[in-house]
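Summary of the model geometry
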Amino acid sequence: MSKNQAEVISVYPNRVKISVDDLEDLKVAGETLRVGSYLRVFDNDSAVLIVIIENFSIEVTNEGERKYIIEAIPLGLIKDDKFIRGGDSIAIPPKKVEPASEEEIKKIFENSLEDEVKFSFSSLSGNPSINIPVDGNKFFNKHIAIVGSTGSGKSHTLSTILQSAISEKNGDFTLNNSHIILFDIHSEYKSAFPDANFIDISNLTMPYWLLNSEELEVLFLDTEANDHNQRNIFREAVVNNRKLKVGDDQVVKEKLHFDSPTFFDIDEVLQYVKNRNNERKKDNIIKWKDSVGEVFEDNEENISRLFVENLEGIGTSNGGVNGKLINFINRLENKINDKRFDFLLGKASKEVSFEDTLKNILGYVGDKNAHGNSNVTVIDLSGVPFEVLSITVSLISRIIFEYGYFYKKSRYQLDPQETLNNDAPVLLVYEEAHKYVPNSDLSKYRSSKKSIERIAKEGRKYGVTLLLASQRPSEISETIFSQCNNFIAMRLTNPNDQNYVKRLLPDTMGNLIEKMPSLQAGEALLVGDSVVLPTIVQIDKCHTPPSSNDIPYWQLWKSEWKDIDIEKIKNEWYK
Ligand SMILES: Nc1ncnc2c1ncn2[C@@H]1O[C@H](COP(=O)(O)OP(=O)(O)OP(=O)(O)O)[C@@H](O)[C@H]1O
Ligand SMILES: [Mg+2]
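Residues numbered from 1 in each chain as written. Chains lettered and ligands numbered in written order. Predicted model: local features only at pLDDT ≥ 70, side-chain atom pairs only at ≥ 80, totals over all residues. Heavy atoms only, no water.

**So, the site of ligand 1**
Not every one of the 18 residues close to ligand 1 is listed here, only the nearest: T150, G151, K154, S155 and S548. K154 places a side-chain nitrogen or oxygen 2.6 Å from an oxygen atom of ligand 1. Contact between ligand 1 and S155: an oxygen atom at 2.8 Å from a side-chain N or O atom of the residue. Among the elements that make up the shell around ligand 1, the one with the highest residue count is helix α3 (residues 154-167) (3 residues). Across the shell around ligand 1, the residue classes tally to 2 nonpolar, 12 polar and 4 charged. (Near = heavy atom within 4 Å. Polar contact = N/O pair within 3.5 Å; in protein donor to acceptor, adjacent residues only side chain to side chain. Helix = DSSP H or I, 4+ residues; strand = E, 2+ residues; numbered from the N terminus. Nonpolar A, V, L, I, M, F, W, Y, C, P; charged D, E, K, R; others polar.)

Quick look at the structure:
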């Protein structure tokens, strides 16, 4: 009996059923077909419908013959050499089915984008010769999420993407114009970006005086106690101290407020609070006695003395806050004296300027490297005390957002015809994003969550994009996740997390999700407005890997006992 070729036996809007007598007939160049392979379906016109195999089944006819039934999802048409998404315009009945040729698959992916926007970091899973470029403008213009269980390859993927981003150039120069800031919580990325501007607790300087009101309160006040005296005195001290430090310009002084990013001296604030704790009143007037016995009234003119002198309250009755600030004073003193907080409250933080802080984060590194600049700034957070992790991340994120805001403003002022929001746009990268922007309202996450959510909502207008990597997409703030437009979903085993990703897929491709638990390390589902089609890809290997490789346990365990230098570990621990 002569064999039939593969034929289409039914066509639905989002599904095509194909019957095949012998799978050998459907092979092209010896390639085996599998779920996920591409087929071409022709009609009488010149159009070719490209479909992707969703499942196989075998039917046995009454005569005992086997028949293969393939169900496939239409992806789009190739017409006049161009791929067009959507598959509802094939003439019925379709004539013939064949495996799509490599050329055709390349047409889908490679010819769908103009060369100048192509950004490539992966190939088709199962066929490394087919590159899967994304539209680089669309990819970086909106927020990106990389999700996957532990060991699925997120850190490597992140490294591959960023390494490609900093190395591509459209001219002959050393550094391109990419600006990447990476929050590295596990000290993994120094090895991946050896030329980066590397900042860790030993050289991190974050001025406390750049914190906004909320961050300042989280750091210095006992926010749970909700003590009004504490809050009012602290605000009063900070605002007045800022005024004293800013110089003589009355206009500038008038504009200063608790949130202004200008210097104030935290030790002077402490002195002020100590004095206020001693204040006394007589006939509603507060008076002070200084160390040489001079008495003076508490007024605007004298207020500067409260910051620098140890004063005695004079009067009969206790003033408003007398004695009520003891806990606050202890708290402030503990914070200021805690060596772990030196990067935030120490001498360097008092001396560093706003410009240098911003420049350092943006990669203007001066004589730290040969170029004087760096595309990537790696901020190693592993040594930052847990209590201030959230405000540290919040502060840096906010500074970058505000940089975008004011940069835009200044450029538009310079040229009212300006249409480009930012000509040096920035990517902020958060590893383990669920640690900074969780689906939780706990106060310890509040600052970072607020700053990052703001960027998620408004960053695009100012050239600030987020890249979030996480093991637990279902634990990331919804506000942020819903603002991501491009997703790299790696192996995911938890059903809750899978469902999260499933919602991103077009209905017709929902079942790609079933592949998620079986993806190999480095394999990912690439979805979003920068890719032609949701596609399972193999991410390219990165040039220099992050220090997150799998540990060869078994080989290590089988080798001879290794003596561990406990002394050395202790020294590191006690640093
Ligand atoms: N594109 C790739 N090709 C081949 N192997 C890869 C690829 N990406 C990652 N791997 C391998 O997978 C392992 C885990 O990778 P990686 O550290 O990136 O995972 P992860 O998702 O970041 O894990 P975690 O959530 O624990 O941080 C590494 O040993 C790495 O060599
Ligand atoms: Mg990782």
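**Comments concerning unusual backbone geometry**
Phi at D283 is positive, roughly 50°, even though this residue is not glycine. Topologically, D283 is positioned in the loop between β13 (280-282) and β14 (285-289). Of note in the backbone geometry, N284 takes a positive phi value of approximately 65° without being a glycine. Mapped onto the fold, N284 is located in the loop between β13 and β14.

**With respect to the side chain of N375**
Relative to the helices and strands, N375 resides in the loop between α12 (354-362) and β18 (376-380). Polar side-chain contacts of N375 include one of 2.9 Å to the backbone oxygen of N176. Setting aside residues no more than four positions away along its own chain, N375 makes contact with I166, L175, N176, S178, H179 and I180. (Contact = heavy atoms within 4.5 Å.)

**Comments concerning the environment of S159**
In this structure, S159 sits in helix α3. When its relative accessible area of 0% is taken as the criterion, S159 is described as buried. C-alpha separation for the pair S159 and I361, spaced 202 residues apart in sequence, amounts to 19 Å. Beyond its immediate stretch of four places on either side in the chain, S159 contacts Y189, A192, F193, C542 and P546. (Buried < 20%, exposed > 50% of the residue type's maximum accessible area, 1.4 Å probe, protein only.)

**Side note on the domain arrangement of the protein**
Entries for the protein in the domain assignment read domain 1 (6-109), domain 2 (118-126 + 128-205 + 352-558) and domain 3 (210-337). Buried surface at the junction of domain 2 and domain 3, both sides included, amounts to about 910 Å², of which 62% is carbon and sulfur. In this assembly, domain 2 and domain 3 are joined by 2 salt bridges. Of the charged contacts in the structure, one is a salt bridge between K450 and E214, with a shortest N-O distance of 2.7 Å. Connecting domain 2 to domain 3 are 4 residue pairs in polar contact (both at pLDDT 80 or more). For the side of domain 2 that touches domain 3, the secondary structure elements donating two or more residues are α12, α13 (386-414) and α14 (443-458). (Domains from an automatic or database assignment. Buried area = accessible area lost by both parts, 1.4 Å probe. Salt bridge = Lys/Arg side-chain N within 4 Å of Asp/Glu carboxyl O.)

**Here we look at the packing of helix α4 (residues 213-220) against helix α5 (residues 228-245)**
In the contact formed by α4 and α5, the axes pass within 12 Å of each other and the chain directions differ by 120°. Comparing their axes, α5 and α4 come out oblique. Between α4 and α5 lies a crossing of right-handed hand. Note on element contacts: α5 touches α4 through R231, F234, R235 and R242, opposite S213, L216, E217 and F220. Of the residues in the contact of α4 with α5, the class split is 3 nonpolar, 1 polar and 4 charged. (Axes fitted to C-alpha atoms, helices over the stretch in contact; angles between N-to-C directions. Parallel < 35°, antiparallel > 145°, perpendicular 65-115°, else oblique. Left-handed = near helix turned anticlockwise from the far one by under 90°.)

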